[in-house]
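Structural description and commentary
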Amino acid sequence: MELANNRFTTLDIFRGMTICFMIIVNSPGSGAVVWSPLDHAAWFGFTPTDLVFPSFLFAVGNALSFSKKKLETNSAFLAKIFKRTVIIFLLGYLMYWFPFMHQDHDNWVFNSLSHTRIMGVLQRIALCYFFGSLIVHYCSKKTAIIISILLLLLYWAFLLLFGAVGEEYSMLGNAGTKLDILILGDAHLYHDHGGPIAFDPEGLLSTITGIVNVIGGYLAGAYIQRKGKNFECVAKLLMMGALLIGIALFWGQFFPIAKKLWTSSFVLLTIGLDLVILGILIYAIELKNIKWGTNFFLIFGRNSLAIYLLSELLLVILQFVHVQQGVSFFNWINNVFYQVIFPGAFGTLVFAVSFMMLCWFVGYLMDKRKIYIKI
């Protein structure tokens, strides 16, 4: 029992690190150019920020490897994953509808559902969790690997076959954007800064490769349980991680690494990096018993979904509440405090870290009171 708890602790720390950095990269301050490591790659390429979201999917798969051991009937399993999928998807959808109303001149009117984004971060997590759970539950590990390879190859083929000629990997020419507009409609897609260009980085088609991140996390978790916390386990995680990174960099010469397209090479790169990080955590926490700083991330890991939702909703509130005409509290606090004391890009980082610490404090209070919100 102690071994299982330790492994769950390591998983909570990994998940907590992911949520911590997810909040930081999602909430840079205003008034200056964003600190570059807090920004996603413009299109092709890779930044530290690009690792955050796939790492959360990897952690979802990791958790599946533990919950799968629990005895339950087939109907109970299906009911559980369907319920979780619907709840997480609806939470994501409602989050984009929030704060539900806006001011039109002197009147308050409801935000139109006809222009509410359908897909998004939580929605992708929900769908990847759903299909990933089905695959790892009903298929052997070998079959899950084969399915993962097929998904990565089929996605590549789909982009090449149905994208605009010569623009298969462009924002508007890729097949995924065409599919999103056809099925969801332009008004239900992500529009950067409310502009006219509709492109959803969490679209329908690219969600199929996100499933592989979940499967990768599951296979890593199952392997750790089978091998135990030892040097051989750590070494093999590091070697497999290095191998996948190498394959991703080679494949990236033909199928570019791009987070916004969630390309197959991007998937292999992020799974490889997550394996390396997980291996290092097991080595440090389990084998070397290094506990410094782990409690900080455990606060995030134990209430990951709740704290993430809090961060997104609180950020919307800060941008929604105005301290004077045309100036939100979010912009005001950055202009009069953060950009005065820490001018430039560094100020956007300091605000993001401060905001993350505020969310952490709420999580700390929840943890002290043993409040853990699970779905």
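Residues numbered from 1 in each chain as written. Predicted model: local features only at pLDDT ≥ 70, side-chain atom pairs only at ≥ 80, totals over all residues. Heavy atoms only, no water.

Regarding the overall build of the chain
Counting secondary structure elements, the chain contains 13 helices and four strands. The C-alpha radius of gyration computed for the chain amounts to 21 Å, which stays within 12% of the reference 21 Å derived for 375 residues, consistent with globular compactness. Over its C-alpha atoms, taken along the principal directions, the chain stretches across nearly 65 × 55 × 45 Å. A total of 375 residues make up the chain; the buried ones form 48% of that total. Here the analysis covers contacts within the chain between residues at least 6 apart in sequence; of these, 75% occur between residues at least 24 apart. Summing over all exposed atoms, the chain offers an accessible surface of approximately 18,100 Å²; the carbon and sulfur share of this is 70%. Counting 26 positive and 19 negative side-chain charges, the chain places the centres of these two groups 16 Å from one another. (Helix = DSSP H or I, 4+ residues; strand = E, 2+ residues; numbered from the N terminus. Rg over C-alpha atoms; globule rule 2.2 N^0.38 Å. Buried < 20%, exposed > 50% of the residue type's maximum accessible area, 1.4 Å probe, protein only. Contact = heavy atoms within 4.5 Å. Areas by Shrake-Rupley, 256 points an atom, 1.4 Å probe, with all protein chains shown as cover. Lys, Arg positive; Asp, Glu negative; His and termini not counted. Charge placed at Lys NZ, Arg CZ, Asp CG, Glu CD.)

Concerning the packing of aromatic side chains
Taken as a whole, this structure holds 26 aromatic pairs when the rule is applied. Ring geometry for F296 and F300: centres 5.8 Å apart, planes at 75°, overall edge-to-face. In this pair, F296 and F300 are both assigned in helix α10 (residues 294-302), four residues apart and thus about one turn of the helix distant. Residue class for F296 comes out partly exposed when judged on its relative accessible area of 23%. Relative to Y338, the ring of F337 lies with its centre 4.9 Å away and its plane at 90°, an arrangement referred to as edge-to-face. The class of Y338 is buried, set by a relative accessible area of 11%. Ring pairs connect the aromatic residues F296, F297, F300, W360, F361 and Y364, which therefore count as one cluster. Positioned above the aromatic ring of W262, the side-chain terminus of R124 is 4.9 Å from the ring centre. (Phe/Tyr/Trp six-rings, centres within 6.5 Å; stacked < 30°, edge-to-face > 60°. Lys NZ or Arg CZ within 6 Å of the ring centre and 35° of its normal.)

With respect to the pattern of salt bridges
Taken as a whole and judged by the stated rule, the model has seven salt bridges. A salt bridge links D12 to R15, with the nearest nitrogen and oxygen atoms 2.2 Å apart. Highlighted residues: D12 and R15, both in helix α1 (residues 2-26), separated by three residues, approximately one helical turn. Summarising the burial analysis for this pair, D12 and R15 share the class buried. Two residues, R302 and D367, come together in a salt bridge whose shortest N-O distance is 3.3 Å. With a gap of 65 residues between them, R302 in helix α10 and D367 in helix α13 (residues 345-368) connect regions that are remote in the sequence. You can call R302 partly exposed: its relative accessible area is 28%. In this structure, a network of salt bridges that share partners links the residues R117, D200, E202 and K259. (Salt bridge = Lys/Arg side-chain N within 4 Å of Asp/Glu carboxyl O.)

Considerations on the environment of D50
Note that D50 resides in the loop between α1 and α2 (52-67). On the basis of relative accessible area, D50 is assigned to the buried category, the value being 0%. In sequence terms D50 and S264 are 214 residues apart; their C-alpha atoms lie 14 Å from each other. Apart from the residues lying within four places of it in its own chain, the contact partners of D50 are H40, A41, G45, K259, F266 and T270. There is a polar contact of 2.7 Å between the side chain of D50 and the side chain of H40. (Polar contact = N/O pair within 3.5 Å; in protein donor to acceptor, adjacent residues only side chain to side chain.)

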